[in-house]
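Coordinate analysis (summary)
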Amino acid sequence: MTSVEQRQSAGPRGSRSLLSIDELGTDGVFRILDLADHMVEVNRRPNPKVPALRGKTVCNVFFEDSTRTRLSFETAAKRLSADTMTFSVAQSSLNKGESLRDTIETIAAMGVDAFVIRHGSSGAPWMVDKWTQASVINAGDGWHAHPTQALLDAYTVRTTLNRTGGLEGLRIAIVGDVKHSRVARSTSAVFRLLGADVTLVAPRTLLPPVVDEPTSENLDALIDDVDVLYLLRMQSERMNEALVPSLREYTTRFGLTPQRAGRLKQNALVMHPGPMNRGVEIAVDPAELPGAVITQQVSNGIAVRMAVLFELLGSGHGSADTLEGSSE
Ligand code: CP
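Numbers given for residues are sequential positions, taken from 1 along each chain in its written order. Only residues with pLDDT of 70 or above have their local features reported here, since the model is predicted, and side-chain atom pairs are shown and tallied only from 80 upward, although totals for entire chains, interfaces and linings are computed over all residues. With hydrogens and water stripped out, all remaining heavy atoms of the structure feed into the side-chain values.

1. Some remarks on the overall build of the protein
Which entries qualify depends on this criterion: Numbering of helices and strands runs from the N terminus; a helix is a DSSP stretch of H or I covering at least four residues, while a strand is a stretch of E covering at least two. Exposure classes here rest on a 1.4 Å probe applied to the protein chains alone. A residue is buried below 20% of its type maximum, exposed above 50%, and partly exposed in between. Contact definition: two residues touch when any of their heavy atoms are within 4.5 Å. Surface accessibility follows the Shrake-Rupley procedure with a 1.4 Å probe radius. Residue values consider only the protein chains on display as shielding.
Along the protein, the regular secondary structure elements total 10 helices and 9 strands. In the protein, buried positions account for 54% of the 328 residues. Contacts spanning at least 24 positions in sequence make up 75% of the contacts within the protein whose residues lie at least 6 apart. Surface exposure of the protein reaches about 14,400 Å², of which carbon and sulfur atoms provide 49%.

Here it is as structure tokens:
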């Protein structure tokens, strides 16, 4: 059987792709986080490479810019011995009028096992999932979802705070441009699935009209008590109107200033998905914040994305037993 046939017979279609945290569910989240522990162990080996996905091909298709997500998926696939392809939008036949569907079907015909897709339109990965038998991983769609960012965030909190189960009892403030943030949607969803209390902190203009979480416009009323301060980037590229009077005023009311950093609890974590607008949402040097785990978020992104690829494509269907041995 080809790898595609094997996967079709391996389980329901829903388990083939990772499109959102909701579809993954609590058990699925725990499964990925537990698998990521094994991947961290693989990454610590002198030769951090295992043959688990030898013979598989993973194709990165990014219609929006990315540094962290694209490179960490590429690294994750290589550490599992998968072959990788990177689709360059700027040099593709999309510029000759080829549709997204024809593009995906063309790449799929080359024998791709998984597409990692980032697209500016919310819902695009669900469309791609309908057009291909390959696995589809949502690497960020419009304002909507960024599930692997959410998983690496949860993994970072869990491991930094030495939790083995969920995040029960933690008070987490997600601060900033919630309205335009796919990270806020997915990361809040996974934090809440794991039992944390999440508050969204933003000016009213940067909140969606309807949210599931409590909201606040007063960061100073919360900052002394939070266990995790999760800062969001001001996404000026998604704003077509002025939603804050000025960036300076935004920083005064919602930025992590030295004064606010001094009020954080001793063990409070400071997180940011990147890229950061230094001087706007973060007006201190993260290197000088004892609780900053922004670099760890990036490092953990590789292990978590290895876990996702392994769960979706691994012949052991996620069994960590097949992580033994070196690929060379
Ligand atoms: N956090 C995140 O998605 O970063 P990139 O845009 O660099 O991938």
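2. Focus on the sheet that holds strand β7 (residues 215-216)
Keep this limit in mind: Strands are treated as partners if at least two bridges between them are detected by DSSP. To get an axis, a line is fitted to the C-alpha atoms, and for a helix only the part in contact is used. The angle between two axes follows their N-to-C directions and goes from 0 to 180 degrees.
One open sheet accounts for 5 strands, arranged β7-β6-β5-β8-β9; its pairing is parallel. Each edge of the open sheet carries a strand with a single partner, namely β7 and β9 (269-271). When strand β8 (residues 228-231) meets β9, the two strands line up parallel, connected through 3 bridges. In the sheet register, Val228 faces β9, and the bridge partner there is Leu269. Across the sheet, helix α6 (residues 147-160) lies against β8 and β9, angled at about 165 degrees from β9, the strand it touches most.

3. Quick look at the site of the ligand
Rules: The cutoff for a nearby residue is simple: one of its non-hydrogen atoms must lie within 4 Å of the molecule or strand. The term polar contact refers here to a pair of N or O atoms within 3.5 Å; inside protein, the definition further demands a hydrogen-donor-capable atom paired with an acceptor-capable atom, and it admits residues adjacent in sequence only when both atoms are side-chain atoms. Under the grouping applied here, Gly and all other residues not named as nonpolar or charged are polar, the nonpolar ones being Ala, Val, Leu, Ile, Met, Phe, Trp, Tyr, Cys and Pro and the charged ones Asp, Glu, Lys and Arg. Segment limits for the domains were obtained from an automatic or database-derived domain assignment.
In the vicinity of the ligand, the residues found are Ser66, Thr67, Arg68, Thr69, Arg118, His146, Gln149, Pro273 and Gly274. Within the contact set of the ligand, a nitrogen atom lies 2.9 Å away from a backbone nitrogen or oxygen of Pro273. In this structure, Gly274 approaches the ligand through a main-chain N or O atom, which is 3.3 Å from a nitrogen atom. In terms of residue class, the shell around the ligand is made up of 1 nonpolar, 6 polar and 2 charged. Each of domain 1 (3-146 + 298-323) and domain 2 (147-294) contributes no fewer than three residues to the shell around the ligand.

4. Here we look at the pattern of salt bridges
Rules: Throughout this description, the term salt bridge denotes a Lys or Arg side-chain nitrogen within 4 Å of a carboxyl oxygen of Asp or Glu.
For the structure shown, the criterion picks out 15 salt bridges. A salt bridge links Arg101 to Glu105; the nearest nitrogen and oxygen atoms lie 2.9 Å apart. Taken together, the residues span about one helical turn, with Arg101 and Glu105 both in helix α4 (residues 100-108) at a distance of 4 residues. Using a relative accessible area of 33% as the deciding quantity, one classes Glu105 as partly exposed. In this structure, Arg192 engages Glu213 in a salt bridge whose closest nitrogen and oxygen atoms are separated by 3.3 Å. On the criterion of sequence distance, the pair formed by Arg192 in helix α7 (residues 182-193) and Glu213 in the loop between β6 (197-201) and β7 is long-range, its members being 21 residues apart. Exposure remark for Arg192: the relative accessible area of 32% places this residue in the partly exposed category. Here the salt bridges share partners, and the residues they tie into one network are Asp220, Asp224, Arg260 and Arg263.

5. Here's the deal with the confidence of the model for the protein
The following threshold applies: Per-residue confidence from the prediction method is given by pLDDT, with values spanning 0 to 100.
Taken as a whole, the protein shows an average pLDDT of 91; of its residues, 90% reach a score of 70 or greater. In this model residues 1-14 is a low-confidence stretch, pLDDT under 50, and it forms 18 contacts with partners more than four residues away in sequence or in other chains.

6. Re the pairing of strand β3 (residues 114-119)
Test applied: Whether a crossover is right-handed comes down to one check: with the strands pointing away from the viewer, does the path from the first strand over the helix to the second run clockwise; if it does, it is right-handed.
The element β3 is largely enclosed, with a buried count of 6 among its 6 residues. Here strand β1 (residues 57-62) pairs with β3 via 5 bridges, running parallel. Opposite Val58, over in β3, you have Ala114 as the bridge partner. Of the strand pairs in this sheet, β3 and strand β4 (residues 135-141) are connected by 5 bridges, and their pairing is parallel. In the strand pairing of β4, Phe115 is matched with Val136. Taking the sense of rotation as the criterion, the β-α-β connection linking β3, helix α5 (residues 124-131) and β4 turns out right-handed.

7. Here's the deal with the nonpolar core
Condition: Residues belong to one nonpolar core when they are buried, are Ala, Val, Leu, Ile, Met, Phe, Trp, Tyr or Cys, and are joined through side-chain atoms within 4.5 Å.
In this structure, Leu80, Leu151, Ile174, Phe191, Leu229, Leu256 and Leu309 are the most contacted members of the largest nonpolar core, which totals 88 residues. By residue number, the principal contributor to this core is helix α10 (residues 294-313), which donates 11 residues. Both domains that furnish three or more residues to this core are identified here as domain 1 (3-146 + 298-323) and domain 2 (147-294).

8. Examining α6
Note the following rule: Helix span, as expected, comes to 1.5 Å for every residue beyond the first.
A rise of 1.5 Å per residue sets the reference length of α6, with its 14 residues, at 20 Å; its end C-alpha atoms lie 20 Å apart and thus fit the reference within 8%. Within α6, 12 of the 14 residues are buried, leaving the element largely enclosed by the surrounding structure. When α6 is considered as a whole, its buried residues turn out to be Pro147, Thr148, Gln149, Ala150, Leu151, Leu152, Asp153, Ala154, Tyr155, Thr156, Val157 and Arg158. Just downstream of α6, Asn162 is the residue with a positive phi angle, here 55 degrees.

9. Observations regarding the environment of Lys130
Its location among the elements puts Lys130 in helix α5. Residues Lys130 and Arg101, spaced 29 residues apart in sequence, show a C-alpha to C-alpha distance of 9.7 Å.

10. Some details on the packing of aromatic side chains
Just so we agree on the cut-off: What counts as a ring pair is set by centres within 6.5 Å for rings of Phe, Tyr and Trp (its six-membered ring), and what kind of pair is set by the plane angle: stacked under 30 degrees, edge-to-face over 60, tilted for all other angles.
If you walk through the whole model with that rule in mind, you get 3 aromatic pairs. Centre to centre, the rings of Phe63 and Phe87 are 6.2 Å apart; their planes meet at 45 degrees, and the pair counts as tilted. With Phe63 in the loop between β1 and α3 (68-79) and Phe87 in strand β2 (residues 83-87), this pair connects stretches of sequence that are 24 residues apart. Taking relative accessible area as the criterion, Phe63 reaches 24% and is therefore assigned partly exposed.

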